[in-house]
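Now for the letters of each chain:
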Amino acid sequence: MTILIIIFLVILGLFLLLLEFVVIPGITIAGIGGVIMLIGSVYLGFTEYSVVGGLVTLLSILVTAPWMFYYFSGPGPGASWCWKPKLTERWRVLTPEASM
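Residues numbered from 1 in each chain as written. Predicted model: local features only at pLDDT ≥ 70, side-chain atom pairs only at ≥ 80, totals over all residues. Heavy atoms only, no water.

Draft legend 1. Just the overall build of the chain, in detail. Of regular secondary structure, the chain possesses three helices and zero strands. Along the chain, helices and strands appear, N-terminal first, in the series α-α-α. Taking all 100 residues of the chain together, 29% fall into the buried category. Across the chain, every contact between residues at least 6 apart in sequence was considered, and the portion connecting residues at least 24 apart equals 49%. Of the roughly 7,600 Å² that the chain leaves accessible, carbon and sulfur atoms contribute 76%. (Helix = DSSP H or I, 4+ residues; strand = E, 2+ residues; numbered from the N terminus. Buried < 20%, exposed > 50% of the residue type's maximum accessible area, 1.4 Å probe, protein only. Contact = heavy atoms within 4.5 Å. Areas by Shrake-Rupley, 256 points an atom, 1.4 Å probe, with all protein chains shown as cover.)

Printed below as a string of C-alpha coordinates:
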(Lines give C-alpha, C1' and ligand atoms only; values in the text may rest on other atoms or scores of the structure.)
Protein backbone atom coordinates (compact mmCIF):
# COMPACT_ATOMS: atom_id res chain seq x y z
CA MET A 1 0.00 0.00 0.00
CA THR A 2 2.91 2.36 0.66
CA ILE A 3 4.13 1.99 -2.92
CA LEU A 4 0.78 3.31 -4.16
CA ILE A 5 1.10 6.33 -1.89
CA ILE A 6 4.62 6.99 -3.21
CA ILE A 7 3.45 6.70 -6.84
CA PHE A 8 0.48 8.97 -6.12
CA LEU A 9 2.73 11.59 -4.49
CA VAL A 10 5.17 11.51 -7.41
CA ILE A 11 2.43 11.87 -10.04
CA LEU A 12 0.60 14.60 -8.15
CA GLY A 13 3.84 16.44 -7.35
CA LEU A 14 4.96 16.38 -10.98
CA PHE A 15 1.51 17.51 -12.12
CA LEU A 16 1.54 20.44 -9.70
CA LEU A 17 5.03 21.48 -10.81
CA LEU A 18 3.96 21.25 -14.44
CA LEU A 19 0.93 23.36 -13.62
CA GLU A 20 3.23 25.87 -11.93
CA PHE A 21 5.68 26.18 -14.82
CA VAL A 22 3.32 25.97 -17.77
CA VAL A 23 -0.06 27.40 -16.76
CA ILE A 24 0.38 29.72 -13.76
CA PRO A 25 3.97 30.96 -13.66
CA GLY A 26 5.31 32.43 -10.45
CA ILE A 27 5.67 31.13 -6.93
CA THR A 28 2.27 29.77 -5.98
CA ILE A 29 0.77 27.06 -3.82
CA ALA A 30 0.95 24.64 -6.76
CA GLY A 31 4.74 24.88 -7.01
CA ILE A 32 5.32 24.72 -3.28
CA GLY A 33 2.89 21.81 -2.93
CA GLY A 34 4.52 19.97 -5.81
CA VAL A 35 7.98 20.28 -4.28
CA ILE A 36 6.70 19.17 -0.87
CA MET A 37 4.99 16.13 -2.42
CA LEU A 38 8.10 15.13 -4.34
CA ILE A 39 10.28 15.48 -1.24
CA GLY A 40 7.71 13.47 0.73
CA SER A 41 7.70 10.69 -1.85
CA VAL A 42 11.49 10.43 -1.77
CA TYR A 43 11.41 10.42 2.04
CA LEU A 44 8.81 7.64 2.05
CA GLY A 45 10.86 5.69 -0.47
CA PHE A 46 13.93 5.84 1.76
CA THR A 47 12.12 5.10 5.02
CA GLU A 48 9.86 2.29 3.79
CA TYR A 49 12.03 0.61 1.15
CA SER A 50 15.56 1.50 2.35
CA VAL A 51 18.24 2.92 0.08
CA VAL A 52 17.17 1.08 -3.07
CA GLY A 53 13.57 2.28 -2.89
CA GLY A 54 14.60 5.83 -2.18
CA LEU A 55 17.09 5.93 -5.02
CA VAL A 56 14.58 4.43 -7.45
CA THR A 57 12.06 7.09 -6.44
CA LEU A 58 14.63 9.87 -6.70
CA LEU A 59 15.93 8.73 -10.08
CA SER A 60 12.42 8.33 -11.48
CA ILE A 61 11.69 11.93 -10.51
CA LEU A 62 15.00 13.20 -11.89
CA VAL A 63 14.36 11.47 -15.23
CA THR A 64 10.64 12.13 -15.58
CA ALA A 65 10.55 15.82 -14.57
CA PRO A 66 12.93 17.22 -17.23
CA TRP A 67 11.35 15.09 -19.96
CA MET A 68 7.87 16.23 -18.93
CA PHE A 69 8.84 19.92 -18.85
CA TYR A 70 10.53 19.64 -22.25
CA TYR A 71 7.54 17.83 -23.74
CA PHE A 72 4.94 20.32 -22.51
CA SER A 73 6.86 23.57 -22.95
CA GLY A 74 9.28 22.78 -25.77
CA PRO A 75 8.68 22.33 -29.47
CA GLY A 76 6.70 19.11 -28.96
CA PRO A 77 2.95 18.58 -29.27
CA GLY A 78 2.36 19.76 -25.72
CA ALA A 79 3.62 23.26 -26.52
CA SER A 80 0.10 24.45 -27.22
CA TRP A 81 -0.69 24.01 -23.51
CA CYS A 82 2.00 26.48 -22.50
CA TRP A 83 0.97 29.97 -21.42
CA LYS A 84 2.55 32.47 -23.75
CA PRO A 85 1.71 36.13 -23.28
CA LYS A 86 1.08 38.03 -26.48
CA LEU A 87 1.33 41.73 -27.07
CA THR A 88 -1.92 43.09 -28.39
CA GLU A 89 -0.58 46.46 -29.47
CA ARG A 90 2.57 47.60 -31.13
CA TRP A 91 4.82 49.91 -29.23
CA ARG A 92 5.00 53.43 -30.57
CA VAL A 93 7.95 55.69 -29.95
CA LEU A 94 6.88 59.26 -29.38
CA THR A 95 9.19 61.86 -30.72
CA PRO A 96 8.90 65.61 -30.12
CA GLU A 97 7.94 66.11 -33.79
CA ALA A 98 5.13 63.54 -33.59
CA SER A 99 3.54 65.12 -30.53
CA MET A 100 3.16 68.57 -32.19
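Draft legend 2. Structural detail: the side chain of Thr57. Along the chain, Thr57 turns up in helix α2 (residues 29-73). In this structure Thr57 touches Ile6, Val10, Ser41, Val42 and Gly45, once residues within four positions along its chain are discounted.

Draft legend 3. Up close: a nonpolar patch on the surface. Residues Met1, Ile3, Leu4, Ile5, Ile7, Ile11 and Tyr49 make up a contiguous nonpolar surface patch of roughly 720 Å² in combined accessible area. Tracing the chain through its elements places Tyr49 in helix α2. On the accessibility criterion, Tyr49 (36% relative accessible area) is partly exposed. (Patch = residues over 30% accessible without salt bridge, like charges linked within 9 Å, V, L, I, M, F, W, Y side chains within 5 Å. Salt bridge = Lys/Arg side-chain N within 4 Å of Asp/Glu carboxyl O.)

Draft legend 4. Structural detail: the nonpolar core. Core analysis: the biggest nonpolar cluster contains 12 residues, these being Ile6, Val10, Leu14, Leu17, Leu18, Val22, Leu38, Val42, Ile61, Ala65, Met68 and Phe72. Of all the secondary structure elements, the ones that give two or more residues to this core are α1 (2-23) and α2. (Core = buried A, V, L, I, M, F, W, Y, C linked by side-chain atoms within 4.5 Å.)

Draft legend 5. Representation of the confidence of the model for the chain within the structure. Of all residues in the chain, 72% attain a pLDDT of 70 or more, and the chain-wide mean is 81. Element-level pLDDT for the chain is lowest in helix α3 (residues 96-99), with a mean of 60, against a maximum mean of 91 in α2. (pLDDT = per-residue confidence, 0-100.)

Draft legend 6. Region of the structure containing the environment of Thr2. Inspection of the secondary structure assignment puts Thr2 in helix α1. Separated by 39 residues in sequence, Thr2 and Ser41 place their C-alpha atoms 9.9 Å apart.

Draft legend 7. Spatial organisation of unusual backbone geometry. Positioned with a positive phi, Ser50 is a non-glycine residue whose angle comes to about 60 degrees. Summarising the element assignment, Ser50 is placed in helix α2.

Draft legend 8. Region of interest: the side chain of Ser41. The topology assignment puts Ser41 in helix α2. Setting aside residues no more than four positions away along its own chain, Ser41 makes contact with Ile6, Leu9, Val10, Thr57 and Ile61.

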